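Coordinates in review
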Amino acid sequence: MLHIVNKSPFDRNSLQSCLRLAQPNDAILMYEDGIYAAFKGTVIENDIQTTLSKCKMYVLKPDFEARGMNEGNVIPGIQSVSYSEFVDLTVQYSPVQAWL
Amino acid sequence: MEESGAIKKFMYLNRKAPYGTIYALESLEVVLIGAAFDQEVSLAFVDDGVYQLKKDQKTTVNSGIGMKDFSKTYRALEDYDIDKLYVEKRSMEARGLREEDFIVPVQIIDSAQLSALMAQQDVILSF
């Protein structure tokens with residue numbers, strides 16, 4: 001299963017619900033305002049670290065570059081992906097759950 | 001302008017990240033329009049609003065999101081005599097940001113200072 005999250009973790013609880021309900025070996029992609037969860041030094045970094053031990057996590061590069069966030073500050077273990085790699089993930093995993 | 005010519009204190013309170021919603025851009029537009037009126041203006045950045053000031057926004061690179069990068073407009077604010085920009089420390093730190101991450105000089109203030117500033121305003125415009 002692929003979970004996609006586009007809301008800021010500090011503004012909505014979409015990511016927290018996703019992390020709570022994701023199963024081992026699921027994949028989680030953060031995009032749009034969801035990208036803010038992928039960076040070091042935030043109050044939710046520990047939750048991300050815990051999830052990384054059971055799920056693959058991805059962050060959409062064009063969205064974090066647009067928002068001025070630096071690839072060097074992405075939490076290690078989270079892979080940054082392009083739009084076409086995003087498409088590949090939707091093909092690779094089924095179903096896709098969008099945490100709007 | 002009012003007949004009395006009284007100068008009022010206006011605060012724009014920004015709480016949303018840029019691009020994901022239209023709030024940040026709309027706020028900036030209103031600030032610039034409002035600058036035509038001689039008022040005492042300040043901008044506060046709280047919660048995800050602190051992300052509006054993040055340096056290095058690149059929206060129009062080849063694979064970008066296809067939206068205008070409006071972050072550079074914050075640099076023009078001082079030309080409109082708008083130089084009171086406040087960032088709430090708690091919001092900044094919760095997001096792993098530091099003062100040097102911002103595109104313009106700001107005053108980092110604690111929550112008590114922010115509430116005191118809010119209480120002094122005649123008008124607070126919330127975005």
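Our structure's up above, just so we're on the same page.
Structural notes, computed from the coordinates. (Residues numbered from 1 in each chain as written. Chains lettered and ligands numbered in written order. Predicted model: local features only at pLDDT ≥ 70, side-chain atom pairs only at ≥ 80, totals over all residues. Heavy atoms only, no water.)

**Some remarks on unusual backbone geometry**
To be explicit about the condition: Counting from the N terminus, the helices are DSSP H or I runs at least four residues long and the strands are E runs at least two residues long. For the exposure calls, accessible area comes from a 1.4 Å probe over protein chains only, and a residue counts as buried if that area is under 20% of its type's maximum, exposed if over 50%, partly exposed in between.
Residue A:Pro95 is bonded to the preceding A:Ser94 through a cis peptide linkage, with omega at -5 degrees. Within the fold, A:Pro95 resides in the loop between helix H4 (83-92) and strand S5 (96-99). The backbone of A:Asn25 sits at a positive phi, close to 75 degrees, despite the residue not being glycine. Phi at B:Asp47 is positive, roughly 50 degrees, even though this residue is not glycine. Relative to the assigned elements, B:Asp47 resides in the loop between strand S2 (40-45) and strand S3 (85-88). Relative accessible area serves as the criterion here: at 27%, B:Asp47 is assigned to the partly exposed category.

**Focus on the packing of aromatic side chains**
Put simply, the rule is: Ring pairs are drawn from Phe, Tyr and Trp, using the six-membered ring of Trp, whenever the two centres fall within 6.5 Å, and their geometry is named by plane angle: stacked under 30 degrees, edge-to-face over 60, tilted for the rest.
All told, the structure shown has seven aromatic pairs over all chains when counted by the stated rule. Taking the centre distance of 6.5 Å and the plane angle of 35 degrees together, the rings of A:Phe10 and B:Tyr51 count as tilted. With A:Phe10 in the loop between strand S1 (2-5) and helix H1 (14-21) and B:Tyr51 in the loop between S2 and S3, this pair bridges two chains. An aromatic cluster is present here, built from B:Tyr19, B:Phe45, B:Phe70 and B:Tyr74 joined pairwise through their rings.

**Remarks on the nonpolar core**
When a protein is soluble and globular, its nonpolar side chains tend to lie buried together. Basically, it comes down to this: We call a set of buried Ala, Val, Leu, Ile, Met, Phe, Trp, Tyr and Cys residues a nonpolar core when their side-chain atoms join them within 4.5 Å. We call two residues contacting when some pair of their heavy atoms lies within 4.5 Å.
Within the largest apolar cluster, 52 residues are counted, with the highest numbers of intra-cluster contacts made by A:Ile48, A:Ile78, B:Leu43 and B:Tyr74. Apart from the residues lying within four places of it in its own chain, the contact partners of B:Leu43 are B:Tyr12, B:Asn14, B:Val31, B:Leu77, B:Ile82, B:Lys84, B:Leu85 and B:Tyr86. Counting residues in each nonpolar core, the second largest holds 11 residues, with A:Leu2, A:Ile4, A:Tyr31 and A:Phe86 among its members.

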